[in-house]
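Next come the chains, spelled out residue by residue.
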Amino acid sequence: MCGIVGYTGKQSVAKQILDALELLEYRGYDSAGMAIVDETNGQVQIRKRAGRVADLEKVWKANPVNGICGIGHTRWATHGGVTTENAHPHRQGLVTLIHNGIIENYHQLTEEYDLADHLLSQTDSEVAAGVLNALYERMDHDPLLSIRHFVKELQGSYGFCIMFEDRPGEIYA
Ligand code: GLU
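A brief look at the structure comes next.

The rules behind the values
Residues numbered from 1 in each chain as written. Predicted model: local features only at pLDDT ≥ 70, side-chain atom pairs only at ≥ 80, totals over all residues. Heavy atoms only, no water. Helix = DSSP H or I, 4+ residues; strand = E, 2+ residues; numbered from the N terminus. Rg over C-alpha atoms; globule rule 2.2 N^0.38 Å. Buried < 20%, exposed > 50% of the residue type's maximum accessible area, 1.4 Å probe, protein only. Contact = heavy atoms within 4.5 Å. Areas by Shrake-Rupley, 256 points an atom, 1.4 Å probe, with all protein chains shown as cover. Lys, Arg positive; Asp, Glu negative; His and termini not counted. Charge placed at Lys NZ, Arg CZ, Asp CG, Glu CD. Axes fitted to C-alpha atoms, helices over the stretch in contact; angles between N-to-C directions. Parallel < 35°, antiparallel > 145°, perpendicular 65-115°, else oblique. Left-handed = near helix turned anticlockwise from the far one by under 90°. Core = buried A, V, L, I, M, F, W, Y, C linked by side-chain atoms within 4.5 Å. Near = heavy atom within 4 Å. Polar contact = N/O pair within 3.5 Å; in protein donor to acceptor, adjacent residues only side chain to side chain. Nonpolar A, V, L, I, M, F, W, Y, C, P; charged D, E, K, R; others polar. Pairing = 2+ DSSP bridges.

### What to know about the overall build of the chain
(1) Moving on: When you go through the chain residue by residue, the secondary structure sums to 5 helices and 7 strands.
(2) Moving on: Listing every helix and strand of the chain by position from the N terminus yields β-α-β-β-α-β-β-β-α-α-α-β.
(3) Moving on: The C-alpha atoms of the chain give 15 Å as radius of gyration, which agrees with the globular expectation for 173 residues (16 Å, within 12%).
(4) Moving on: If one aligns the C-alpha atoms of the chain with their principal axes, the spans along those axes are about 40 × 30 × 25 Å.
(5) Moving on: Sorting the 173 residues of the chain into buried and exposed places 50% on the buried side.
(6) Moving on: When contacts within the chain are restricted to residue pairs at least 6 apart in sequence, long-range pairs at least 24 apart make up 67% of them.
(7) Moving on: Only carbon and sulfur atoms are counted for the fraction: they give 50% of the accessible area of the chain, which is about 8,200 Å².
(8) Moving on: Positive and negative side-chain charges in the chain, numbering 15 and 23 respectively, have mean positions lying 7 Å apart.

### Comments concerning the packing of helix 4 (residues 124-138) against helix 5 (residues 143-153)
(1) Moving on: Viewed as axis vectors pointing N to C, helix 4 and helix 5 meet at an angle of 130°, and their least axial separation amounts to 9 Å. For the element pair helix 4 / helix 5, the angle class is oblique. The crossing of helix 4 and helix 5 is right-handed. The residues of helix 5 that touch helix 4, namely those facing Ala128, Val131, Leu132, Leu135 and Tyr136, are Pro143, Ser146, Ile147, His149 and Phe150.

### Let's talk about the nonpolar core
(1) Moving on: In terms of nonpolar packing, the biggest core is built from 23 residues, with Val131, Phe150, Phe160, Ile162 and Phe164 touching the most fellow members.
(2) Moving on: Elements represented by at least two residues in this core include exactly strand 6 (95-103), helix 3 (106-112), helix 4, helix 5 and strand 7 (156-164).
(3) Moving on: Setting aside residues up to four positions removed in sequence, valine 131 forms contacts with Leu109, Tyr113, Leu115 and Phe150.
(4) Moving on: Membership of the second largest hydrophobic core comes to 16 residues, among which are Ala14, Leu21, Ile36 and Trp60.

### Focus on the site of the ligand
(1) Moving on: Around the ligand, a shell composed of 14 residues is seen, among which Arg75, Thr78, His88, Gly101 and Asp124 lie nearest.
(2) Moving on: Here asparagine 100 contributes a side-chain N or O atom positioned 3.3 Å from an oxygen atom of the ligand.
(3) Moving on: One nitrogen or oxygen atom from the main chain of glycine 101 is found 2.8 Å from a nitrogen atom belonging to the ligand.
(4) Moving on: For the ligand, the accessible surface in isolation is 300 Å², of which the surrounding protein chains cover 98%.
(5) Moving on: When residues of the shell around the ligand are traced back to their parent elements, those giving at least two are strand 4 (69-75), strand 6 and helix 4.
(6) Moving on: If you tally residues by element for the shell around the ligand, the top one is strand 6, at 3 residues.
(7) Moving on: For the shell around the ligand, the per-class residue count stands at 3 nonpolar, 9 polar and 2 charged.

### Some thoughts on the sheet that holds strand 1 (residues 3-8)
(1) Moving on: Pairing is antiparallel across the open sheet formed by 4 strands, whose spatial order is 1-4-2-3. Strands with a single pairing partner mark the edges of an open sheet, and in this sheet they are strand 1 and strand 3 (44-50). Across the sheet, the mean angle from the axis of one strand to that of its neighbour is 10°, orientation sign disregarded.
(2) Moving on: On the sheet, helix 2 (residues 53-62) packs against strand 2 (31-37), strand 3 and strand 4 and is oriented at approximately 135° with respect to strand 3.

### Observations concerning the pairing of strand 6
(1) Moving on: Relative to strand 6, strand 5 (residues 90-92) runs antiparallel, the two sharing 3 bridges. Residue pairing in the sheet places arginine 91 in a bridge with threonine 96 of strand 6.
(2) Moving on: The antiparallel pairing of strand 5 with strand 6 creates a hairpin that spans 2 residues between the two strands, and glycine 93 there sits at a positive phi of about 60°.
(3) Moving on: In the sheet, strand 6 pairs with strand 7 via 9 bridges, with the strands oriented antiparallel.

Any link to function would need more than the numbers given here.
See the structure below:
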(Lines give C-alpha, C1' and ligand atoms only; values in the text may rest on other atoms or scores of the structure.)
Protein backbone atom coordinates (compact mmCIF):
# COMPACT_ATOMS: atom_id res chain seq x y z
CA MET A 1 0.00 0.00 0.00
CA CYS A 2 1.66 3.20 -1.06
CA GLY A 3 1.49 6.78 0.18
CA ILE A 4 0.82 9.71 -2.09
CA VAL A 5 1.01 13.44 -1.37
CA GLY A 6 1.05 16.74 -3.24
CA TYR A 7 1.63 20.32 -2.08
CA THR A 8 1.44 23.64 -3.85
CA GLY A 9 1.41 26.86 -1.87
CA LYS A 10 3.71 29.44 -0.39
CA GLN A 11 6.02 27.36 1.75
CA SER A 12 9.16 25.50 0.78
CA VAL A 13 7.91 22.12 -0.36
CA ALA A 14 10.71 19.58 0.14
CA LYS A 15 10.39 19.49 3.92
CA GLN A 16 6.58 19.36 3.67
CA ILE A 17 6.77 16.33 1.41
CA LEU A 18 9.40 14.52 3.49
CA ASP A 19 7.37 15.13 6.66
CA ALA A 20 4.20 13.88 4.94
CA LEU A 21 5.93 10.76 3.64
CA GLU A 22 7.20 10.02 7.14
CA LEU A 23 3.63 10.24 8.42
CA LEU A 24 2.60 7.75 5.71
CA GLU A 25 5.35 5.27 6.61
CA TYR A 26 2.94 3.15 8.68
CA ARG A 27 1.30 2.03 5.43
CA GLY A 28 4.41 0.06 4.42
CA TYR A 29 6.59 0.72 1.38
CA ASP A 30 9.83 -0.22 -0.36
CA SER A 31 10.89 3.01 -2.14
CA ALA A 32 10.33 6.75 -1.90
CA GLY A 33 10.54 9.70 -4.25
CA MET A 34 9.48 13.24 -4.95
CA ALA A 35 9.27 15.74 -7.81
CA ILE A 36 9.63 19.47 -7.19
CA VAL A 37 9.31 22.45 -9.51
CA ASP A 38 12.78 23.96 -9.18
CA GLU A 39 12.45 27.60 -8.13
CA THR A 40 15.64 28.53 -9.98
CA ASN A 41 14.48 27.49 -13.47
CA GLY A 42 10.86 26.24 -13.27
CA GLN A 43 11.83 22.71 -14.30
CA VAL A 44 10.43 19.61 -12.62
CA GLN A 45 13.25 17.81 -10.78
CA ILE A 46 12.97 14.25 -9.52
CA ARG A 47 14.73 12.71 -6.51
CA LYS A 48 13.99 9.07 -5.69
CA ARG A 49 15.44 5.80 -4.50
CA ALA A 50 14.67 2.31 -3.32
CA GLY A 51 14.68 2.28 0.49
CA ARG A 52 13.35 4.39 3.32
CA VAL A 53 12.14 7.99 3.43
CA ALA A 54 15.33 8.71 5.43
CA ASP A 55 17.32 7.48 2.40
CA LEU A 56 15.35 9.79 0.11
CA GLU A 57 16.15 12.66 2.47
CA LYS A 58 19.86 11.84 2.12
CA VAL A 59 19.56 11.87 -1.68
CA TRP A 60 17.79 15.22 -1.50
CA LYS A 61 20.38 16.69 0.90
CA ALA A 62 23.23 15.55 -1.37
CA ASN A 63 21.53 17.19 -4.36
CA PRO A 64 18.89 19.60 -3.05
CA VAL A 65 16.10 21.14 -5.06
CA ASN A 66 13.76 23.76 -3.64
CA GLY A 67 10.43 25.16 -4.69
CA ILE A 68 6.83 25.68 -3.62
CA CYS A 69 5.12 22.93 -5.62
CA GLY A 70 5.80 19.20 -5.50
CA ILE A 71 4.57 15.63 -5.19
CA GLY A 72 5.83 12.73 -3.09
CA HIS A 73 5.35 8.96 -3.07
CA THR A 74 6.13 5.86 -1.09
CA ARG A 75 5.92 2.78 -3.30
CA TRP A 76 4.69 -0.72 -2.64
CA ALA A 77 5.91 -2.50 -5.77
CA THR A 78 3.35 -4.44 -7.79
CA HIS A 79 4.85 -4.23 -11.31
CA GLY A 80 8.63 -4.20 -11.60
CA GLY A 81 11.16 -4.96 -8.90
CA VAL A 82 12.22 -2.79 -5.99
CA THR A 83 14.75 -0.56 -7.76
CA THR A 84 15.45 3.15 -7.89
CA GLU A 85 14.43 3.34 -11.57
CA ASN A 86 11.05 1.78 -10.69
CA ALA A 87 10.48 4.19 -7.79
CA HIS A 88 8.04 7.03 -8.43
CA PRO A 89 7.74 9.79 -9.70
CA HIS A 90 7.88 8.79 -13.37
CA ARG A 91 8.37 11.28 -16.17
CA GLN A 92 7.34 10.91 -19.79
CA GLY A 93 7.66 14.04 -21.90
CA LEU A 94 5.83 16.89 -20.19
CA VAL A 95 4.15 14.63 -17.63
CA THR A 96 5.52 13.72 -14.20
CA LEU A 97 3.30 11.59 -11.99
CA ILE A 98 3.01 9.38 -8.95
CA HIS A 99 0.55 6.49 -8.86
CA ASN A 100 -1.15 4.42 -6.23
CA GLY A 101 -2.66 1.20 -7.57
CA ILE A 102 -2.43 -1.10 -10.58
CA ILE A 103 -3.00 -0.45 -14.29
CA GLU A 104 -4.13 -3.86 -15.52
CA ASN A 105 -4.03 -3.10 -19.25
CA TYR A 106 -0.54 -1.59 -19.31
CA HIS A 107 0.81 -4.12 -21.85
CA GLN A 108 -1.96 -3.24 -24.29
CA LEU A 109 -1.45 0.51 -23.71
CA THR A 110 2.32 0.16 -24.27
CA GLU A 111 1.58 -1.24 -27.74
CA GLU A 112 -1.28 1.09 -28.59
CA TYR A 113 0.74 4.21 -27.72
CA ASP A 114 4.05 2.81 -29.02
CA LEU A 115 5.79 3.43 -25.70
CA ALA A 116 8.20 0.48 -25.44
CA ASP A 117 11.26 2.41 -26.64
CA HIS A 118 10.58 5.33 -24.28
CA LEU A 119 10.21 3.50 -20.97
CA LEU A 120 12.98 3.62 -18.37
CA SER A 121 11.28 1.39 -15.78
CA GLN A 122 9.30 -1.85 -15.64
CA THR A 123 6.26 -0.25 -13.98
CA ASP A 124 2.65 0.02 -15.08
CA SER A 125 2.79 3.59 -13.72
CA GLU A 126 5.34 4.84 -16.24
CA VAL A 127 3.13 3.50 -19.04
CA ALA A 128 0.32 5.60 -17.59
CA ALA A 129 2.62 8.65 -17.73
CA GLY A 130 3.38 7.89 -21.39
CA VAL A 131 -0.31 7.58 -22.27
CA LEU A 132 -1.16 10.87 -20.56
CA ASN A 133 1.76 12.64 -22.22
CA ALA A 134 0.58 11.45 -25.67
CA LEU A 135 -2.96 12.65 -24.95
CA TYR A 136 -1.73 15.97 -23.54
CA GLU A 137 0.28 16.60 -26.73
CA ARG A 138 -2.68 15.52 -28.89
CA MET A 139 -5.15 17.74 -27.01
CA ASP A 140 -3.23 21.01 -27.28
CA HIS A 141 -1.90 20.81 -23.71
CA ASP A 142 -5.39 20.92 -22.20
CA PRO A 143 -4.90 19.24 -18.79
CA LEU A 144 -8.52 18.49 -17.88
CA LEU A 145 -9.52 17.24 -21.32
CA SER A 146 -6.47 15.00 -21.57
CA ILE A 147 -6.94 13.62 -18.04
CA ARG A 148 -10.59 12.86 -18.81
CA HIS A 149 -9.55 10.85 -21.87
CA PHE A 150 -6.66 9.31 -19.95
CA VAL A 151 -8.79 7.75 -17.21
CA LYS A 152 -11.12 6.28 -19.85
CA GLU A 153 -8.11 4.39 -21.26
CA LEU A 154 -7.19 2.81 -17.92
CA GLN A 155 -8.37 -0.49 -16.50
CA GLY A 156 -7.50 -1.16 -12.87
CA SER A 157 -7.27 0.97 -9.78
CA TYR A 158 -5.52 4.26 -9.40
CA GLY A 159 -4.90 7.44 -7.50
CA PHE A 160 -2.59 9.91 -9.25
CA CYS A 161 -0.84 13.20 -8.53
CA ILE A 162 0.19 14.75 -11.85
CA MET A 163 2.36 17.71 -12.81
CA PHE A 164 2.84 19.11 -16.33
CA GLU A 165 6.19 20.68 -17.15
CA ASP A 166 4.53 23.72 -18.78
CA ARG A 167 2.16 24.31 -15.83
CA PRO A 168 4.41 25.02 -12.83
CA GLY A 169 2.49 25.48 -9.59
CA GLU A 170 -0.37 23.19 -10.61
CA ILE A 171 -1.02 19.65 -9.39
CA TYR A 172 -3.81 17.48 -10.79
CA ALA A 173 -5.10 14.64 -8.60
N1 GLU B 1 1.78 -0.35 -9.54
C2 GLU B 1 2.68 0.67 -9.22
C3 GLU B 1 4.11 0.16 -9.11
O4 GLU B 1 4.34 -1.00 -8.99
C5 GLU B 1 2.28 1.46 -7.98
C6 GLU B 1 2.34 0.63 -6.73
C7 GLU B 1 1.89 1.43 -5.50
O8 GLU B 1 0.67 1.64 -5.33
O9 GLU B 1 2.78 1.82 -4.73
O10 GLU B 1 5.03 0.93 -9.16
